[in-house]
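# Structure at a glance
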Amino acid sequence: MPVAGADGTLAGRFKGSPAQRNAFLKTGTLNGVRSLAGYVRTQSGRMVAVSIVVNSDNATASVPVMDRFIEWVVRNG
């Protein structure tokens, strides 16, 4: 799976955030759909499974919110 802020489809996302190199996520994109699913290593050292799917005509607008959720999981999970 791509590593946040390091490679693949996540190479340009999460740079400088708590999720950088702590999230291992697969992205998904279809017309009207955006998704992230995979594993997040929390600051406490736990691995947490996550899955987010947004199905909307404006799904692209959800990407920053999905990124903030992943960062929240890193800090608080």
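Residues numbered from 1 in each chain as written. Predicted model: local features only at pLDDT ≥ 70, side-chain atom pairs only at ≥ 80, totals over all residues. Heavy atoms only, no water.

What follows is about unusual backbone geometry. A positive phi is found at Phe14, a non-glycine position, where the angle reads about 75°. Locating Phe14 in the fold gives a position in the segment before β1 (23-30). Owing to a relative accessible area of 5%, Phe14 belongs among the buried residues under this scheme. The phi dihedral of Arg21 falls on the positive side, at around 65°, and the residue is not glycine. Tracing the sequence through the fold places Arg21 in the segment before β1. (Helix = DSSP H or I, 4+ residues; strand = E, 2+ residues; numbered from the N terminus. Buried < 20%, exposed > 50% of the residue type's maximum accessible area, 1.4 Å probe, protein only.)

Following the criterion strictly, the structure yields one aromatic pair and no others. Their ring planes at 15° and their centres at 6.3 Å tell us that Phe69 and Trp72 sit as a pair that is stacked. Within this pair, Phe69 and its partner Trp72 are both found in helix α1 (residues 63-76), separated by three residues, close to a single helical turn. Overall, the relative accessible area of 44% leaves Trp72 in the partly exposed class. (Phe/Tyr/Trp six-rings, centres within 6.5 Å; stacked < 30°, edge-to-face > 60°.)

So, on to a nonpolar patch on the surface. A cluster of nonpolar side chains, namely Met1, Tyr39 and Met47, defines an oily patch on the protein surface of about 340 Å² accessible area. With respect to the helices and strands, the residue Met47 is situated in strand β3 (residues 47-55). Residue class for Met47 comes out partly exposed when judged on its relative accessible area of 47%. (Patch = residues over 30% accessible without salt bridge, like charges linked within 9 Å, V, L, I, M, F, W, Y side chains within 5 Å. Areas by Shrake-Rupley, 256 points an atom, 1.4 Å probe, with all protein chains shown as cover. Salt bridge = Lys/Arg side-chain N within 4 Å of Asp/Glu carboxyl O.)

Once that is clear, we can look at the pairing of strand β2 (residues 33-41). Pairing of β1 with β2, which is carried by eight bridges, proceeds in the antiparallel orientation. The residue bridging Thr29 from the neighbouring strand is Arg34, located in β2. Linkage of β1 to β2, two consecutive antiparallel strands, is achieved through a turn of two residues, within which Gly32 is found at a positive phi near 80°. (Pairing = 2+ DSSP bridges.)

Counting 15 residues, the largest nonpolar core has Phe14, Ala23, Leu25, Val40, Val50 and Ile70 as the members making the most contacts within it. Only β1, β2, β3 and α1 provide two or more residues apiece to this core. Broken down by element, the residue count for this core peaks at four residues, all from α1. In this view, Ile70 contacts Phe14, Ala19, Ala23, Leu25, Leu36, Val40, Val50 and Ile52; residues no more than four positions away in its chain are not counted. (Core = buried A, V, L, I, M, F, W, Y, C linked by side-chain atoms within 4.5 Å. Contact = heavy atoms within 4.5 Å.)

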